[in-house]
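# Descriptive analysis of the structure
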Amino acid sequence: MRAKVLASAAALAMLFCQPALALDAPTDPVILTITGAITETNSDGAAVFDLPMLQDLPGRTGTMETPWTEGETAFDGPLLRALLAEVGAHGKTLRVTALNDYSAEVPVSDATDYETILALAMNGKPMSVRDKGPLFMVYPFDLNPELYNEKYFSRSVWQIKAIEVIE
Amino acid sequence: MTPALRHSRRAIKRAGRETTFLVVLSAVLMAILVATFGYLYARQNALQDGIREDALWAVYQLDREARTLAHAMSAAQSQWPVEASRITELSLRYDILYSRLSILSNAKYETSLASSAGFVGSRASIRDKVLGLEPFFNAMASSAPLDRDEFAVTTSDLLALIPITERMLTDTNTSVSAVRADARAEVMRIQQATALLVLIIAVSIALLILNLMRQLKLTRRTTGQLEEAANEISKAYTAAEAGNRAKSEFMAVMGHEIRTPLNAILGMTELLAHADLPEEDRRGVKVIASSGQALLEIINEILDFAKIEHGDLVLETIPFEPGKLAEDAMEVVAGRAADQGDRLALEVSSSLQGLAVLSDPTRIRRVLLNLLSNAVKFTQNGEVRLHVSLPAPNRIRFEIADTGIGISAEALPRLFNPFTQEDGTISRRFGGTGLGLAICKKTIEAMGGDIGVQSTAGSGSVFWFELPVETVQAPLADTASIDPSAALPVRNILVVEDNAVNRDVAQRFLKKLGQRVTMAIDGLEGVSQAKAGDFDLILMDMQMPVMDGLAATREIRLHELQTGKRARIVAMTANASDTDRALCMEAGMDAFVAKPITLARLAEIVRGPEASSSSPISSDTHSDYPVIDQERRLELTEAFGPDGLKELDESFFSDAAGILRALHAALSVGDAASADRALHSLKGASANLGFVDFSTFTERARSETLRADLGTEIEKRLATIREAGEQAHAA
């Protein structure tokens, strides 16, 4: 377990060795704020993102069943680890907070070990707040069926508004 | 089987049945256990598939969002007019509540919950209420001006929603708890059932182990008992064997004991028969002789029977003419037949003319006499007919038909059964169903033949037997009985015999044959006599006090090594078993003669090994055949004179030398036809001159596969008869 964590940290360190470009300031309304142990910021001690900024990050589309949707549903959005790299995050845990102030702790390894995304669109359409938008943490249940259990369900935060990187 | 063994066997069988039952029970229980685990596994899989979002959590979130919105609305209402930032927040709050609603209606929950009427009803009512507020909040989101009354109504609507979501939360909690409790109860039940099953299996296996241990113990015990039983059987067998051996020894001893005085009786009778007696006494002597002979036959039969029983009957293979043998047998019963007023008829099939067969004439004669005397015994004023034939080239058949009282159908099957301890007496021999027929059957079967009978009560019987034989050319067409003393060489003979009467008989016989006789009363005296005198022939009794025949023979042979001379030593014995033969040979004897000794047999012994019908000690049964047929020789002497015969012999031997060369040549190149021609010439010429053994040998060689050493063998045999012939001429 410890080895794995160390390996994950090492992998992250490798990523962060590349000189990160300074974050641009958002032009559209901010939908995600990242704080905590990060090196790149574009606001007062925080990295803030609008929709285009997030859409520019490397991402994936996964089609899967979830407990909260009817039938096979396609989710599309930036990879969590790409986002963390973008902000130069160096922590072990993420505290993910939703619009209703619900928050869940997600280990950073979930970002490095799995193709976890922050979904921006469901079935090709942007998600409104009423549809669990604007950001929905989606684990790759299609690639890793073993993740399909209550432990990961509770980490599947929707209506995400902020992420705090904790060392 | 002992009772203990029987008991053990039953116990083992019972234990085996119990084991089978327990094995089946365990197997069934195991199957049930496997099925249970299968069910558990399937259930676990179903659980895995049915991983659901937590309904309680979703309802709680809904309740919470409803409260948050309601309270935010109340707060906003109390600070009218509402600020823009508050409007945005209220709008977001509504959106969140809305999203909760859709989650609640879309998401998958436990089926029991999803189908519960309370849950569905509450959900529908909440849904209606929330969706009913949608136009208001849509308008608010699009920054339309707010109407205070409408705001108040919406707020009170939202406040009214709270008790409903609260109730739904309670209902869901109750329902989820019930489901959980049910699931726990089911798991418990399955667990208990499994535990019970495992317990039963454990008990069953424990019983199985106990039973197997018991079975093992029983098996061990039974094995012990079986070993014991086997030991007992083995002991019983040994005892029976010992008993049987004792019986055989007793019979052999009895036979010997009876034959010794009988020897004397028959010998003296034969001497008396040659004495000058009044006619009346002569008839008496004849009766003594025939009765003695009959008694001897009975003893021989008993001994034969014992031998057959033990499977150590030694059969001989001697050429004889079956016609002549049948004639002799008829003569034996002729007297009794005459007494009974029976006619005797002998028919010898023409296919047997001039043929001799190779078999055991002594035994055939005994069987024939048995059947003939039975036939005569049970026929009065009738006819007894003996028919001898060759039904197949290598099979001889004797058939005795009588016109007597016949045998009942019931008696027929057990006719040939041997006597048993209870009803077997020698007297039954003349009863027609006693020892005699049993011996006949055993004898014939021992010779590889068949014996049988056809009979109807009141109309006579037909007894028959068939034997496999080899046919050879009869050496002579016919021979007349000759004086046993005729042309006998005079030899210096030593008789070593402890029995005074036997000694007397032997002395008188030999005197009658014109021999020079010296007597010794035991082995020791025999040895000293042999050392002192120069004997051609020593007749040696086997059983003697002080020194027995074998020891004496060894001594004599030892002494002869110094003198370089060699006397013929012939054993006189009542027991002519194989062991005796072997012992005689080992001791250095040349031949043996069975007691009682007759004048004719004695004459043969005196004549020499070539002419003796006493059995030389040799494993080669063919050499039982006399080397030279003395009767034929006498006939030839009468016809041509001694010198003429000598000339004939010499021309035969010179011819034979030439033929032998041809044979050697033919054999060396494997020319079977030429070899056969040579053998045929040799056979014909030798038969004419009475060289019976040689003639038989060459005849036999013709039918056998040619072997390379045949020439040498014939050469040797020619030398033997030449020597014998020269001795005869010299005499």
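Residues numbered from 1 in each chain as written. Chains lettered and ligands numbered in written order. Predicted model: local features only at pLDDT ≥ 70, side-chain atom pairs only at ≥ 80, totals over all residues. Heavy atoms only, no water.

### Considering the overall build of chain A
Worth spelling out the cut-off: Secondary structure follows DSSP: runs of H or I at least 4 residues long count as helices, runs of E at least 2 residues long count as strands, and numbering of each begins at the N terminus. Buried residues are those whose accessible area, probed at 1.4 Å on protein chains only, stays under 20% of the maximum for their type, while exposed residues exceed 50% and partly exposed ones sit between those limits. Only heavy atoms matter for contacts: two residues are in contact if any of them lie within 4.5 Å across the pair. Under the convention used here, a 1.4 Å probe and the Shrake-Rupley method define accessible areas, while residue burial counts only the protein chains that appear.
When helices and strands are tallied, chain A shows five helices and 11 strands. Each of the 167 residues in chain A was classed as buried or not, and the buried ones make up 50%. Once local pairs closer than 6 in sequence are excluded, the contacts in chain A between residues at least 24 apart make up 62%. Counting every atom, chain A has about 7700 Å² of accessible surface; 54% of that belongs to carbon and sulfur.

### Concerning the nonpolar core
Keep this limit in mind: In this description, a nonpolar core means a group of buried Ala, Val, Leu, Ile, Met, Phe, Trp, Tyr and Cys residues linked to one another through side-chain atoms lying within 4.5 Å.
Formed by 49 residues in total, the largest nonpolar core has its most connected members in Leu32, Ile34, Phe49, Leu83 and Ile163 of chain A. No other element matches helix α3 (residues 80-86) of chain A, which puts four residues into this core.

### Digging into the interface of chain B and chain A
To keep it simple, the criterion reads: Accessible area, probed at 1.4 Å, shrinks when two parts are joined; the buried area is that loss added up over both. A pairing counts as a salt bridge when a side-chain nitrogen of Lys or Arg comes within 4 Å of a carboxyl oxygen of Asp or Glu. Think of a polar contact as two N or O atoms within 3.5 Å of one another; within protein, one of them needs to be a possible hydrogen donor and the other a possible acceptor, and neighboring residues in sequence only count if both atoms come from side chains.
At the junction of the two partners, chain B supplies 23 residues and chain A supplies 19 residues. Between chain B and chain A lies a buried interface of about 1900 Å² when both sides are counted; carbon and sulfur atoms form 48% of it. Connecting chain B to chain A are three salt bridges. Linking Arg130 of chain A and Glu134 of chain B is a salt bridge whose minimum nitrogen-to-oxygen distance equals 2.7 Å. Our enumeration of links across chain B and chain A arrives at seven residue pairs in polar contact (both at pLDDT 80 or more). Mapped onto the side of chain B that touches chain A, the elements with two or more residues apiece are α2 (55-78), α3 (84-106) and α6 (134-141) of chain B. No other element matches the 11 residues that α3 of chain B contributes to the side of chain B that touches chain A.

### Thoughts on the pattern of salt bridges
When the charged atoms of two side chains lie near each other, side chains of opposite charge can form a pair. Counted by the stated rule, this structure contains 31 salt bridges over all chains. Across the pair Lys161 of chain A and Asp101 of chain A runs a salt bridge, and its minimum N-O distance is 3.1 Å. Pair noted here: Lys161 of chain A is in strand β11 (residues 160-166) and Asp101 of chain A is in the loop between β5 (93-98) and β6 (103-107), with a separation of 60 residues, a long-range link. The exposure class of Lys161 of chain A is partly exposed, given its relative accessible area of 31%. A salt bridge links Arg566 of chain B to Asp590 of chain B, with the nearest nitrogen and oxygen atoms 2.8 Å apart. A residue pair is termed long-range when its members are at least 10 positions apart, and Arg566 of chain B in the loop between α14 (549-563) and β12 (568-573) and Asp590 of chain B in the loop between α15 (578-587) and β13 (591-594) qualify at 24 residues. Residue Arg566 of chain B is classed as exposed on the basis of its relative accessible area, which comes to 55%.

### Brief notes about the packing of helix α18 (residues 672-688) of chain B against helix α19 (residues 692-703) of chain B
Residues and elements named next belong to chain B. Put simply, the test is: Helix axes use the C-alpha atoms of the stretch in contact, all axes being lines fitted to C-alpha atoms, and the angles between their N-to-C directions lie in the range 0 to 180 degrees. Here is the rule for angles: anything less than 35 degrees is roughly parallel, anything more than 145 is roughly antiparallel, 65 through 115 is roughly perpendicular, and the remaining ranges are oblique. Left-handed describes a crossing in which the near helix is turned anticlockwise from the far one by less than a right angle; the clockwise case is right-handed. Classes in brief: Ala, Val, Leu, Ile, Met, Phe, Trp, Tyr, Cys and Pro nonpolar; Asp, Glu, Lys and Arg charged; the others, Gly included, polar.
With their axes 8 Å apart at the nearest point, α18 and α19 run at an angle of 155 degrees to one another. Put simply, α18 runs roughly antiparallel to α19. Handedness of the crossing formed by α18 with α19: left-handed. The segment α18 lies against α19, with Asp676, Leu679, His680, Leu682, Lys683, Ser686 and Ala687 engaging Phe694, Ser695, Thr698, Glu699, Ala701 and Arg702. Class assignment for the residues of the contact of α18 with α19 results in five nonpolar, four polar and four charged.

### Looking at the side chain of Ser204 of chain B
Residue and element names in this part refer to chain B. For Ser204, the position within the fold is in helix α7 (residues 148-274). What makes Ser204 buried here is its relative accessible area of 2%. The contact partners of Ser204, leaving out residues within four places of it in the chain, are Leu22, Leu25, Ser26 and Leu29.

### Quick word on unusual backbone geometry
With an omega dihedral of 0 degrees, the bond running from Gly133 of chain A to Pro134 of chain A counts as a cis peptide bond. You can see Pro134 of chain A is positioned in the loop between β9 (125-126) and β10 (136-138). Phi is positive for Gln159 of chain A, which is not a glycine, with a value near 55 degrees. Inspection of the secondary structure puts Gln159 of chain A in the loop between α5 (150-155) and β11. Its identity is not glycine, yet Asn381 of chain B carries a phi of approximately 55 degrees, on the positive side. With respect to the secondary-structure elements, Asn381 of chain B resides in the loop between α10 (361-377) and β4 (383-392).

### Thoughts on the confidence of the model for chain A
Residue and element names in this part refer to chain A. Cut-off, in case you're wondering: Note: pLDDT gives the predictor's confidence per residue, expressed from 0 to 100.
The predicted model of chain A averages 84 in pLDDT, with 87% of residues at 70 or higher. Predicted confidence is poor over residues 1-7, with pLDDT under 50, and the contacts of this stretch with residues over four places away or in other chains come to two contacts. Across residues 13-21, confidence stays below pLDDT 50; counting only partners more than four residues off in sequence or on other chains, it has seven contacts.

### A closer look at α19 of chain B
All names here are of chain B. Threshold: Any helix carries an expected span of 1.5 Å times its number of residues minus one.
A rise of 1.5 Å per residue sets the reference length of α19, with its 12 residues, at 16 Å; its end C-alpha atoms lie 17 Å apart and thus fit the reference within 8%. Counting buried positions over the 12 residues of α19 gives nine, a clear majority of the element. Of the positions making up α19, those classed as buried are Val692, Asp693, Phe694, Ser695, Thr696, Phe697, Thr698, Arg700 and Ala701.

### Digging into the sheet that holds β6 of chain A
Residues and elements named next belong to chain A. This is how the line gets drawn: At least two bridges found by DSSP between two strands are what make those strands a pair.
Spatial ordering of the open sheet is given by β2-β1-β11-β5-β6, a layout of five strands whose pairing is mixed. What marks the edges here is a single partner per strand, and that holds for β2 (47-49) and β6. Each strand of the sheet is rotated relative to its neighbour by a mean of 20 degrees, with strand direction disregarded. Looking at chain direction, strand β1 (residues 32-36) and β11 are connected through four bridges and run parallel. Note that in β11 the partner of Ile34 across the bridge is Ile163.

### A few points about the environment of Val198 of chain B
Mapped onto the elements of the fold, Val198 of chain B is located in helix α7. With 165 residues separating them in the primary sequence, Val198 of chain B and Leu33 of chain B have C-alpha atoms 7.6 Å apart.

### Some points on the packing of aromatic side chains
This is how it is decided: Aromatic rings from Phe, Tyr and Trp, with only the six-membered ring used for Trp, were paired whenever their centres fell within 6.5 Å, and each pair was classed as stacked if the ring planes differed by under 30 degrees, edge-to-face if by over 60, and tilted otherwise.
Counted according to the given criterion, the structure contains 18 aromatic pairs over all chains. Plain terms: the ring middles of Phe136 of chain A and Trp158 of chain A are 5.8 Å apart, the flat faces sit at 75 degrees to each other, and that makes the pair edge-to-face. Residue Phe136 of chain A is located in strand β10, and its partner Trp158 of chain A is located in the loop between α5 and β11; the two are separated by 22 residues in the primary sequence. Judged by its relative accessible area of 7%, Trp158 of chain A falls in the buried class. Relative to Phe151 of chain B, the ring of Phe136 of chain B has its centre 5.9 Å away and its plane inclined at 75 degrees; by these criteria the two rings are edge-to-face. Note that Phe136 of chain B is positioned in helix α6 and Phe151 of chain B in helix α7, a separation of 15 residues in sequence. Its relative accessible area of 8% is what places Phe136 of chain B among the buried residues. Judged by relative accessible area, Phe151 of chain B falls into the buried class, the value being 0%.

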